[in-house]
Amino acid sequence: MLSSFTAPRQVKIGDAAAFVGTTPRAIRHYHEIGLLPEPVRGGDDRRRYGYEDMIRLLWIRRMADAGIALDDIRDAFADRASADTDGDGDGDGDGDGIAETLERLEETLLTREAELRRQRTAVQRMRTEGSRMGLLSEFVTSRLKGLPEGSLRQADLDSLLVTERIFGPLGAAVQAGRFIALATHPDLRAESDRVDAAEEALDDTIAVDDPRVAQVAAERHAFEKALHAAIEDSGLAAGDDALFDSWDTLQSAAADEGEDEADPSSGRAQKTMSAFEAVGKMPYDFSPARLRCMELAEELAAQESTAP
């Protein structure tokens, strides 16, 4: 007994989209880019889709879901049509001319998987650290573990982030010793705040030859000497040698494994640039007086280092 249901010979675009699991807008786009030939139109000038159209739409949807670009799908159908015209089709459905596309897609997916692993590691570390410190390289944050909660300021993390971008994880890990000393020496932290405020007061209203510039430079020099002494006394400076050894080990391991970065936890590989180039691209709103203060502080440090 025949079923009373009779399938339509053709369907409109809305029904075609619903069956395939896409949208009319997407199907119209397929027509625009030549992926799907224009179907016949009915007396109302609306598109009508038959069996072959629906089969093609289903394959398009499956291939798109697999991550194949629409342009590549179109080329695959064109190659298949050419093979059928030339009589070279083998009839097994594998001659879609898409092998190279699939190979490229697999390489892309492998790259995405690696990127997702790095992102997941970064998120896990951020949750573990409980702050943005988890987004710095593990090589850097491992040196900061054990500090009293809240002893690191956001400005400290900001500085480490910039240093890591310019000089890499090793440079930031060395700089971390400075913030460890500040975090564990309240008197030095207070003096650092005072000198920082004095430097910030050297704004554009202060002339470069104003006596306050030389005074603040001397205060900066004295503070840096006290901070360096604290770092030496605490053994942090001696730990720098171990940092260099650890970094060399990481670099060797990364080279053996073909990694782009020695510290995969640092996230997406960034375009490298020289330190000189990077410094020139990072803006600092320093007045001429403040820049002169920095120069004078460096001159005082150089004079002291060369003194007998």
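All residue numbers refer to positions counted from 1 along the written sequence of the respective chain. Local features in a predicted model are, by the rule used here, given only for residues with pLDDT of at least 70; side-chain atom pairs are given and counted only at 80 or more, and totals for whole chains, interfaces and linings are based on all residues. Values shown for side chains rest on all heavy atoms present in the structure; no hydrogens or waters enter the calculation.

1. Overview of the overall build of the protein chain
Going along the chain from the N terminus, every DSSP run of H or I of four or more residues is numbered as a helix, and every run of E of two or more is numbered as a strand. Assigned secondary structure in the protein chain consists of twelve helices and zero strands. When the elements of the protein chain are put in sequence order from the N terminus, they spell out α-α-α-α-α-α-α-α-α-α-α-α. Here the analysis covers contacts within the protein chain between residues at least 6 apart in sequence; of these, 61% occur between residues at least 24 apart. Carbon and sulfur atoms form 53% of the exposed surface of the protein chain, whose accessible area is close to 19,800 Å². The contact definition used throughout considers only heavy atoms, calling two residues in contact when any of these lie within 4.5 Å. Values of accessible area rely on a 1.4 Å probe in the Shrake-Rupley scheme; residue burial ignores everything except the protein chains shown.

2. A look at the nonpolar core
Throughout this description, the term nonpolar core refers to a set of buried Ala, Val, Leu, Ile, Met, Phe, Trp, Tyr and Cys residues connected via side-chain atoms within 4.5 Å. The rule is simple: take the accessible area with a 1.4 Å probe, protein chains only, and divide by the maximum for that residue type; under 20% is buried, over 50% is exposed, in between is partly exposed. Of all hydrophobic cores here, the largest spans 23 residues; its most connected members are L144, L152, L160 and L227. Listed by contribution, the elements that provide at least two residues to this core are helix 7 (154-184), helix 8 (186-200), helix 9 (211-234) and helix 10 (236-257). A total of nine residues in this core trace back to one element, the largest contributor, which is helix 7. Here L152 is in contact with M133, L144, L147, L157 and F179, once residues within four sequence places are set aside. The next biggest cluster of nonpolar side chains, apart from the first, holds 20 residues, and it includes A26, Y30, I68 and I73.

3. What about the side chain of S287?
With respect to the helices and strands, S287 occurs in the loop between helix 11 (275-279) and helix 12 (288-306). A distance of 2.4 Å separates a polar atom in the side chain of S287 from the backbone oxygen of L202. Excluding residues within four positions of it along the chain, S287 makes contact with L202, D203 and D204. N or O atoms within 3.5 Å of each other form a polar contact, as long as, within protein, one can give a hydrogen and the other can take it, and as long as residues adjacent in sequence are counted only when both atoms are side-chain atoms.

4. A short note on the packing of aromatic side chains
Each Phe, Tyr or Trp ring (for Trp, its six-membered ring) is paired with any other whose centre lies within 6.5 Å, and the angle between the two planes then decides the class: stacked below 30 degrees, edge-to-face above 60, tilted in between. Across all of its chains, the model carries two aromatic pairs by this definition. With a centroid separation of 5.5 Å and 25 degrees between ring planes, the pair formed by Y284 and F286 is classed as stacked. Residue class for F286 comes out partly exposed when judged on its relative accessible area of 27%. The criterion is that NZ of a Lys, or CZ of an Arg, lies within 6 Å of the ring centre and within 35 degrees of the ring normal, and then a charge sits over that ring. Against the face of F77 rests R56, its NZ or CZ located 4.2 Å from the ring centre.

5. Observations concerning the packing of helix 1 (residues 13-20) against helix 2 (residues 24-32)
Axis lines are fitted to C-alpha atoms, over the contacting stretch for helices. Their N-to-C directions set the angle, which ranges from 0 to 180 degrees. For the pair helix 1 and helix 2, the least separation of the axes is 8 Å and the interaxial angle reads 100 degrees. The angle between helix 1 and helix 2 falls in the class roughly perpendicular. For the pair helix 1 and helix 2, contact is made by I13, G14, A16 and A17 and by P24, I27 and R28, respectively. We call Asp, Glu, Lys and Arg charged. Ala, Val, Leu, Ile, Met, Phe, Trp, Tyr, Cys and Pro are nonpolar, and the rest, Gly among them, are polar. The residue inventory of the contact of helix 1 with helix 2, partitioned by class, reads five nonpolar, one polar and one charged. Every angle not falling under 35 degrees, over 145, or within 65 to 115 is termed oblique; those three ranges are roughly parallel, roughly antiparallel and roughly perpendicular.

6. Re the packing of helix 1 against helix 3 (residues 51-65)
Relative placement of two packed helices is described by the angle separating their axes and the distance separating the axes. The geometry of helix 1 relative to helix 3 is characterised by a closest axis approach of 10 Å and an angle of 45 degrees between their N-to-C directions. Taken together, the axis directions place helix 1 and helix 3 in an arrangement best described as oblique. Of the two elements, helix 1 crosses helix 3, and the hand of that crossing is right-handed. On helix 3, the residues that touch A16, F19 and V20 of helix 1 are M54, L57, L58 and R61. Of the residues in the contact of helix 1 with helix 3, the class split is six nonpolar, no polar and one charged. Handedness of a helix crossing follows the sense of rotation of the near helix relative to the far helix, less than a right angle counterclockwise being left-handed and clockwise being right-handed.

7. Some words on helix 7
By this rule, a helix spans an expected 1.5 Å times one less than how many residues it contains. End to end, helix 7 covers just 16 Å across 31 residues, shorter than the expected 45 Å (1.5 Å per residue, more than 12% under). Bending is quantified residue by residue as the angle between axes fitted to the seven-residue window ending at that residue and the seven-residue window starting at it. Approximately 135 degrees is the largest bend angle found in helix 7, and it occurs at F167, with the proline P169 only one to four residues beyond.

8. Side note on the side chain of D53
Relative to the assigned elements, D53 resides in helix 3. Here D53 occupies a buried position and makes no salt bridge, while the nearest side chain of opposite charge, R56, is found at 7.4 Å. If near-sequence neighbours (up to four positions away) are discounted, D53 is found in contact with L36, P39 and R48. Lys and Arg are tallied as positive, Asp and Glu as negative. Neither His nor the chain termini are counted. For this analysis, a salt bridge means a side-chain nitrogen from Lys or Arg found within 4 Å of a carboxyl oxygen belonging to Asp or Glu.

9. Details of unusual backbone geometry
Even without a glycine there, the phi angle at D45 is positive, about 65 degrees. With respect to the helices, strands and loops of the structure, D45 is situated in the loop between helix 2 and helix 3.

10. Section: helix 12
Taking 1.5 Å per residue as the helical rise, helix 12 with its 19 residues ought to reach 27 Å, and the 27 Å between its terminal C-alpha atoms agrees with that figure. Within helix 12, burial applies to A289, R290, C293, L296 and A297. For helix 12, the arc enclosing every buried residue in end-on projection is 115 degrees, short of the 170-degree limit, so these residues lie on one face. Exposed side chains of helix 12 directed beyond 90 degrees from the buried face belong to E298, S305 and T306. Each direction from the helix axis to a C-beta atom contributes to the arc, which is the arc of those directions.

11. Considerations on the pattern of salt bridges
Summed over the entire model, instances satisfying the criterion amount to 20 salt bridges. With its nearest N and O atoms 3.1 Å apart, the salt bridge here joins D44 to R48. For R220, the salt bridge identified is with D196, shortest N-O distance 2.7 Å. A residue pair is termed long-range when its members are at least 10 positions apart, and R220 in helix 9 and D196 in helix 8 qualify at 24 residues. By relative accessible area, which is 10% here, R220 ends up buried.

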